[in-house]
Each structure stands twice: as structure tokens, then as C-alpha cells.
2 protein chains.
Amino acid sequence: MVSARSAGLPVVVDAMGGDNAPEWIVAGAQIAAEEGREVLLAGPPELLESSGLNVLAASEVISMDAEPGISVRQKKDSSLIRAAEAVRHGRACALLSAGNTGAVMAAALLRLGRIRKVARPAVAVLFPVLGRRNPTVVLDCGANADCTPSWLLQFARMGAVYARVGFDVNKPRVGLLSNGEEAGKGSALVKETYEMLSTEEWESCGGASFAGNVEGRDLLLDSADVIVTDGFTGNVLLKTAEGVFSVITKAILAASESSDDARAGAKLFFPALLDTYKTFDPDNTGGAMLLGVKGVCTISHGSSSPRAIASAIGVAHDLAAAGIVEHLTSAVEE
Amino acid sequence: MVSARSAGLPVVVDAMGGDNAPEWIVAGAQIAAEEGREVLLAGPPELLESSGLNVLAASEVISMDAEPGISVRQKKDSSLIRAAEAVRHGRACALLSAGNTGAVMAAALLRLGRIRKVARPAVAVLFPVLGRRNPTVVLDCGANADCTPSWLLQFARMGAVYARVGFDVNKPRVGLLSNGEEAGKGSALVKETYEMLSTEEWESCGGASFAGNVEGRDLLLDSADVIVTDGFTGNVLLKTAEGVFSVITKAILAASESSDDARAGAKLFFPALLDTYKTFDPDNTGGAMLLGVKGVCTISHGSSSPRAIASAIGVAHDLAAAGIVEHLTSAVEE
């Protein structure tokens, strides 16, 4: 299903959100434009006009450490709010921001609004699986700290749609994150959700299959196509994985400087590691998607490289063109 | 404070628990004995007598995938139950098992019993911090899937005792695992626990300081000496960290075989990585401690190497000699 609404529309990019905004954001948008993507940059025209891209004027900036709720309500002429409004008013097919995550979520909720029947939008993050085409969709990674079983059920459905529409996974296997594989393991929330996911109705409606409980160690393995959890646990999972990756990377780099042999060996060996590094580097993935709002909303890492921003713009475009919002809408209506 | 009760007593080792039991467990116990540690092996004498170590006869074995509660109640002559009884009856200063985690916890609860006023024992796992002497104590890593704020408060206190007695940390900084650093971030459980940990009474009683919220990315950093969480989240954290470490390690090894240059480079470079690898390898750490039961109880990884078993025996010995159970007892009485 191609979304008629989004055909030909640009992705609107919050040029002022991100640790290295606007420079890296603009550079990423320029790469995407060179690759044939339509892009609209939201921010102060005087800063952006030299980019050669279309600009949506916005005079204010929401800082990375601002209080999300307050700033979104007060800064009505911020690049983020103006970008969200562009999607709402049909001037853009998707919103991308590498800014303050809480503010992006708040802006999307306020300006795009929830899809009807979605109890709570959820943040979906992609994790690579070596040797498998599709990444694992993990949600919720931070939007809702306390969840109910029925919200998790809806996350499962939305995650399955994302895997199907975004990565052509025919019948996504949905795993439930728990502290043990066996049925009956888990918190009260997980046990109750397990029962609900085990019903045949769920599987037939969702176009998915329930893979049972999965554990933290399954994150980068081919155990499931979608992993469902509450936003508190999902956020801990995401940040733990990123933290371990970052500490190991730094330790490897330090080791490569520890002796002449190490230096010489690393020079020969590191090129072979580069693909692996890129696969796992969080700054290289497309960013998180806020599923359940009326529009494609991508939240990129604050430290995203220009290349990562360009990739995320491409992904957002493709998801909009594939009509992911429409697919999500019908999946939760069922 | 040295525990008079434990002076001169052996660590009793469940010789039949572990993926490579009894061979690797016996080998580890032999290394520990050579290093001057008193060791008692629990298991079938016919399998263990050639070890040259003292043997505590036990005819039954609890398998790695047995249902913990049932097996512990039924297999009264198992190596695990006999080992726990040896601690209870003052014939050993500490119990070590690399067997079924649930069964070890159940055996310790049933045979050793809880320390008075301990609401729930918790599993404490050590995570290395590069460049820092003491590891970070994280608890609960799996004993209690659903927790109350007052349990977490007690975990904080027990974790601080572990950091102080086990690693000479003068005034341990206790962090509360959350989905954001700011006060006010977190699940309802975390928010309520935050309030309780922020009181002056807690800090003065606990001989610790409250470091506020910490995130998953702080796990391997010098952000806190103790990280407190519920057993569900802690288990996800532990298994995520182990899973990421394992996948990255395998990817590095695969890359080292991908070309002649990579092979040659890896040969020169890997020796410089070895210390880092050993620091992070879960099979090389001492294993988890069950804090809150009346005895030192170490739960080692099922795949622990003989060297890891020997180290864990040494750690268990030292903790018993330092009177950790007595310290925990007075900390929760306050």
C-alpha cells in the first residue's frame, strides 16, 4: 500500500536538534538530497539558506536539556514545533529530529496526535542481527515507564507492522522480554501479557506469531523479529547495550595504542572490523521511531553523524511512502 | 570484623553443578586448594575421590534445567542440598555452585534461611569498571521479579555493605537504575524509591551516599559503586550486557579470519586485547552473590572456567572471613 497523501512530499528535518546542530544535520540533509530525497529544513532562515535546501522558517530552538513539556508548549515558533506542524498540515510526509527526545515525543503527541485506538505511542528502536537482513524491532524503549498488559499487546501489534512494512518480514515473530525463557517467568506485567499474546486471536489479527519469552541476551541474536517490553525496561536495555558497546570500543582503541606490536597489528586488523563496527554503532542506525502518532516521526541520536541523518531521512521517506501510518491505523482497529 | 565462626572452615563446592561439571568444577577446586584455600567437594564420592580433595558425600544431582522448587524439595541427597546443609551446620564457611541458578537460590533460602529483618534476599553481580579498583555491585539481578520500594531500600543497604566489606569502598555511592538521570524520571517504583533514598537518615544509617538515578549506560562507568534495581530489570541488564559482549567478541573473532591481512594483524594485536577481554569476560568474574541469607552463597556462571571457579572460591573465603553475613545482619537491623 502506497500512501497517496505522502507521495512527493519532503521529510521535514528539525535542523536545530542534535549535539552538532545545525552543521551536521544540514550536512546529513544535503547528502539525502543528493541521493534524490525531498528534504525540508526547519530552523532560522539566516542559518540555513546557504544549504541550498528548502527552508521552513522557525525562530526558536528547544535545547537538548530543556524540560520537554514546558518547552514544547512555550516555544511555538521552534524548529521542532514548526516541523511537526508541517507533517500535520500535509506539507511533509515525515518528521525527523535529533534533538531532545522528550521534546520530540511531546511535540509529536501534541501536534500530530495519537492514532485512534492507540492507548500509548511507543518508541521503537532497531537492533542489528549479524547475518540477518532485518533488524530486531524493540519497543517500547522509553515513552512509557509504567505499562499495562493491553498496552504491551498493542506495542506487539505495532512492532509487527513495523517489521512487516519496514523490512518485509512476512509473519514477524514477536518475543516478550522477560527474566527467563520459560513460560511463567517474569514480572506480574509480563506474565499477564504472556497469556494475552498466547491466544490464537492475537496471532491471526496481528499477522504475527508469538515467540514466547526472550531474554536480554537475545537482543542481537535471531530469536525474534520484534521484542516487546515496557518503556522503563526497554530504555535500560537500549542504554545498557549502547554503554557496553561504547566501553568495549574505547577499550579496543586504547589497546591498539598500548605497544608498537599492537599498533602495527591494529593497522592491519581494523579494516576487517570496520563493517562490524558500522553495523553496531548506534550513531549509524536510522534512529528511533515513535509508533502510534498520526505521522512518521523519527528520533535520531543526538550524536548522529551526517551519514546517519541521511540514512534516517531515507528510511523515514520509505516508511511514509509505504503507508506505515495507515497500516498501523488498521492494525490497531482490528 | 573477622568472623570467628568461619575461621579455618572450607568453602563447600557443589561439584555437580555447571555446564562442565564435575570436571571443570573439580579442576577449579584443585587450583584453589593449591593456592592455599580450604575446599570441600559435594557430590558422589566415586566421581570425586581421585581429586585428592575432601569430599562430602551426596548421591543425587539437580540438573541445569530442573524446576528449582520441586528439585530442591525432592532431591534431599543432592550435591547442592548437602552443600547448603554443610554451611548451615557450621562445617563450611561458604557455599559455591555453578548449577541451576533458581535451584541454588531455593536451596539457600530453604537450608540457610533469611537473615532476620531481610524482606527478600537479592542476587548481587559485579561489573568491572576499567581503571577503577572496585567493581560495581548491581542488585537485584534476578531473585525478585516484582519489588517494593522498601525492598529496594534494603538492597541498597546490602549492596553498600558488600562494596564496603568486599572491596574496601569507604562510603559507597549508591545509584538507582532509571530511564533517565534527572530526579523524577522512572517508573512509579523508582520514583518512590528515589524519595526514600534521598533522606538523610538513610545515608547516615547505611554508611553510604545516594548518587541519584543512573542509566544503563552507566553500568561499566565510574558513576556509582552500587546500582540498585528490581530483579526483573537487573536480570535484563545483566543478560543484555553479557549478550552484547558475546556477540561483539564473536564478531571480532570472525573478522580476524576474514583475510590474510586480518589474520596477520590479529596475531599481533590480540595479545594487547587479552587483559581487556579477561576483565569483561563473564566467565572470569567471581559469580553472583545471594545477599540476605544466613551464609555466604556464591552462584557462579554455568560455563565458568576452572580459573573462574578457583577465583570465586577465593572470594567466597575472603567474604566469609571478613564476616560479611554479620555485617549484613547489623546493617538491616539498624
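Structure first, text after, so check above.
The structure presented is a predicted model; accordingly, all values stated were derived computationally and were not measured.

Undergrad: Just to check I follow, could you spell out the packing of helix H9 (residues 231-255) of chain A against helix H9 (residues 231-255) of chain B for this structure?
TA: In a packed pair of helices, the relevant descriptors are the angle between the two axes and the axis-to-axis distance. Contact geometry for H9(A) and H9(B): axes closest at 9 Å, N-to-C directions at 35°. In this structure, H9(A) crosses over H9(B), and the sense of that crossing is right-handed. Contacts from Phe232(A), Thr233(A), Val236(A), Leu237(A), Thr240(A), Ala241(A), Val244(A), Phe245(A), Ile248(A) and Ile252(A) in H9(A) reach Phe232(B), Thr233(B), Val236(B), Leu237(B), Thr240(B), Ala241(B), Val244(B), Phe245(B), Ile248(B) and Ile252(B) in H9(B). A class-by-class count of the residues in the contact of H9(A) with H9(B) yields 16 nonpolar, four polar and no charged.

Undergrad: I'm lost on the side chain of Asp225(B) in this one. Help?
TA: Residue and element names in this part refer to chain B. With respect to the element layout, Asp225 can be found in the loop between strand S8 (209-214) and strand S9 (226-228). Assessed through its relative accessible area of 5%, Asp225 is described here as buried. Among the polar contacts listed, one links the side chain of Asp225 to the side chain of Asn134, at a separation of 3.0 Å. What Asp225 contacts, discounting residues up to four positions off in sequence, is Arg132, Asn134, Pro135, Thr136, Val137, Val169, Lys171, Pro172 and Arg173.

Undergrad: Looking at this structure, I do not really get the nonpolar core. What am I missing?
TA: Taken as a class, soluble globular proteins show a tendency for nonpolar side chains to be buried jointly. Of all hydrophobic cores here, the largest spans 237 residues; its most connected members are Val12(A), Tyr162(A), Val12(B) and Tyr162(B). Non-local contacts of Tyr162(B), meaning those with residues more than four positions away in its chain, are made with Ala124(B), Leu126(B), Val137(B), Phe167(B), Met289(B), Leu291(B), Leu319(B) and Ile324(B).

Undergrad: Would you mind going over the sheet that holds strand S9 (residues 226-228) of chain A with me for this structure?
TA: Remark on secondary structure: sheet strands pair via backbone hydrogen bonds, oriented parallel or antiparallel. All names here are of chain A. Taken in spatial order, the eleven strands of this open sheet run S3-S2-S1-S4-S11-S10-S5-S6-S9-S7-S8, and their pairing is mixed. The two strands at the open ends of the sheet, each matched to only one other strand, are strand S3 (54-57) and strand S8 (209-214). Put simply, the sheet's adjacent strands are angled 25° from each other on average, direction ignored. Here helix H11 (residues 306-321) sits on the sheet in contact with strand S1 (11-14), strand S2 (39-43), strand S4 (94-97), strand S10 (288-291) and strand S11 (296-299), set at roughly 160° to S11.

Undergrad: Hey, could you run me through the interface of chain A and chain B in this one?
TA: When the parts of a complex come together, some accessible area is lost, and that lost area is often used as the size of the interface. Taken together, the contacts link 49 residues of chain A with 49 residues of chain B. Counting the surface lost from both chain A and chain B, the interface buries some 4,000 Å², and carbon and sulfur atoms represent 76% of this. It is Phe232(A), Lys239(A) and Phe269(A) in chain A that bury the most area against chain B; as a group they hold 17% of the surface buried on that side. The tally of links from chain A across to chain B stands at four salt bridges. Note that Lys239(A) is salt-bridged to Glu215(B), the shortest N-O span being 2.3 Å.

Undergrad: What should I look at first to understand the pattern of salt bridges in this one?
TA: Opposite charge on two side chains lets them pair, provided their charged atoms get close. Residues and elements named next belong to chain B. Applying the stated criterion across every chain yields a total of 30 salt bridges over all chains. Residue Asp225 pairs with Arg132 through a salt bridge whose shortest N-O separation is 3.5 Å. Within this pair, whereas Asp225 is found in the loop between S8 and S9, its partner Arg132 is found in the loop between strand S5 (122-127) and strand S6 (136-139), the two being separated by 93 residues in sequence. Assigned by exposure class, Asp225 and Arg132 land together as buried.

Undergrad: I would appreciate a short explanation of the pairing of S8(B) in the present structure.
TA: The side chains of a regular strand alternate, residue by residue, between the two faces of the sheet. Residue and element names in this part refer to chain B. Across the six residues of S8, five count as buried, placing the element largely inside the fold. Here four bridges tie strand S7 (residues 173-177) to S8, and the two strands are oriented parallel to one another. Counted as the bridge partner of Leu177 is Val214 from S8.

Undergrad: Can you walk me through the packing of aromatic side chains in this structure?
TA: By convention here, two paired aromatic rings are described through the distance between centres and the angle between planes. Under the criterion given, the structure shown has nine aromatic pairs over all chains. A ring pair is formed by Phe269(A) and Phe270(B), whose centres lie 5.4 Å apart and whose planes are at 90°; its orientation type is edge-to-face. Taken together, the positions of Phe269(A) in helix H10 (residues 260-280) and Phe270(B) in helix H10 (residues 260-280) put the pair across two chains. Looking at Phe269(A), the relative accessible area reads 0%, which means it is buried. Here a set of aromatic residues connected by ring pairs shows up, and it is made of Phe269(A), Phe270(A), Phe269(B) and Phe270(B).

Undergrad: What's the story with the sheet that holds strand S1 (residues 11-14) of chain B in this structure? I'm lost.
TA: All names here are of chain B. Pairing within the open sheet is mixed, and its eleven strands lie in the order S3-S2-S1-S4-S11-S10-S5-S6-S9-S7-S8. Either end of the sheet is taken by a strand with one partner, and the two such strands are strand S3 (54-57) and S8. Averaged over neighbouring strand pairs, the angle between their axes works out to 25° when direction is ignored. Sheet analysis places strand S2 (residues 39-43) next to S3, joined by four bridges and oriented parallel.

Undergrad: Even after reading the chapter, I still don't get the relation of the copies chain A and chain B, so can you show me in this structure?
TA: Taken together, a rotation about one axis and a shift along it account for how the two chain copies relate. At an RMSD of 0.0 Å, chain A and chain B line up after a rotation of 180° and a shift of 0.0 Å along the axis. Each copy turns onto its partner about a two-fold axis. Within chain A, the C-alpha atom positioned nearest to the axis of rotation is that of Gly265(A), 1.9 Å from it. By residue overlap, the copies meet face to face through one surface: 100% of the interface positions of chain A are interface positions in chain B.

Undergrad: Would you take a moment to explain the pairing of strand S10 (residues 288-291) of chain B for this structure?
TA: Residues and elements named next belong to chain B. The side-chain alternation of S10 yields two buried faces, one formed by Ala288 and Leu290 and the other by Met289 and Leu291. Examined bridge by bridge, S5 and S10 share three bridges and lie antiparallel to one another. Pairing of Ala122 across the sheet is with Leu291, part of S10. Sheet analysis places S10 next to strand S11 (residues 296-299), joined by two bridges and oriented antiparallel. Across the sheet, residue Met289 finds its bridge partner in S11, namely Thr298.

What counts and what doesn't
- Residues numbered from 1 in each chain as written.
- Chains lettered and ligands numbered in written order.
- Predicted model: local features only at pLDDT ≥ 70, side-chain atom pairs only at ≥ 80, totals over all residues.
- Heavy atoms only, no water.
- Axes fitted to C-alpha atoms, helices over the stretch in contact; angles between N-to-C directions.
- Helix = DSSP H or I, 4+ residues; strand = E, 2+ residues; numbered from the N terminus.
- Left-handed = near helix turned anticlockwise from the far one by under 90°.
- Contact = heavy atoms within 4.5 Å.
- Nonpolar A, V, L, I, M, F, W, Y, C, P; charged D, E, K, R; others polar.
- Buried < 20%, exposed > 50% of the residue type's maximum accessible area, 1.4 Å probe, protein only.
- Polar contact = N/O pair within 3.5 Å; in protein donor to acceptor, adjacent residues only side chain to side chain.
- Core = buried A, V, L, I, M, F, W, Y, C linked by side-chain atoms within 4.5 Å.
- Pairing = 2+ DSSP bridges.
- Buried area = accessible area lost by both parts, 1.4 Å probe.
- Salt bridge = Lys/Arg side-chain N within 4 Å of Asp/Glu carboxyl O.
- Phe/Tyr/Trp six-rings, centres within 6.5 Å; stacked < 30°, edge-to-face > 60°.
- Least-squares fit on C-alpha atoms with pLDDT ≥ 70 in both.

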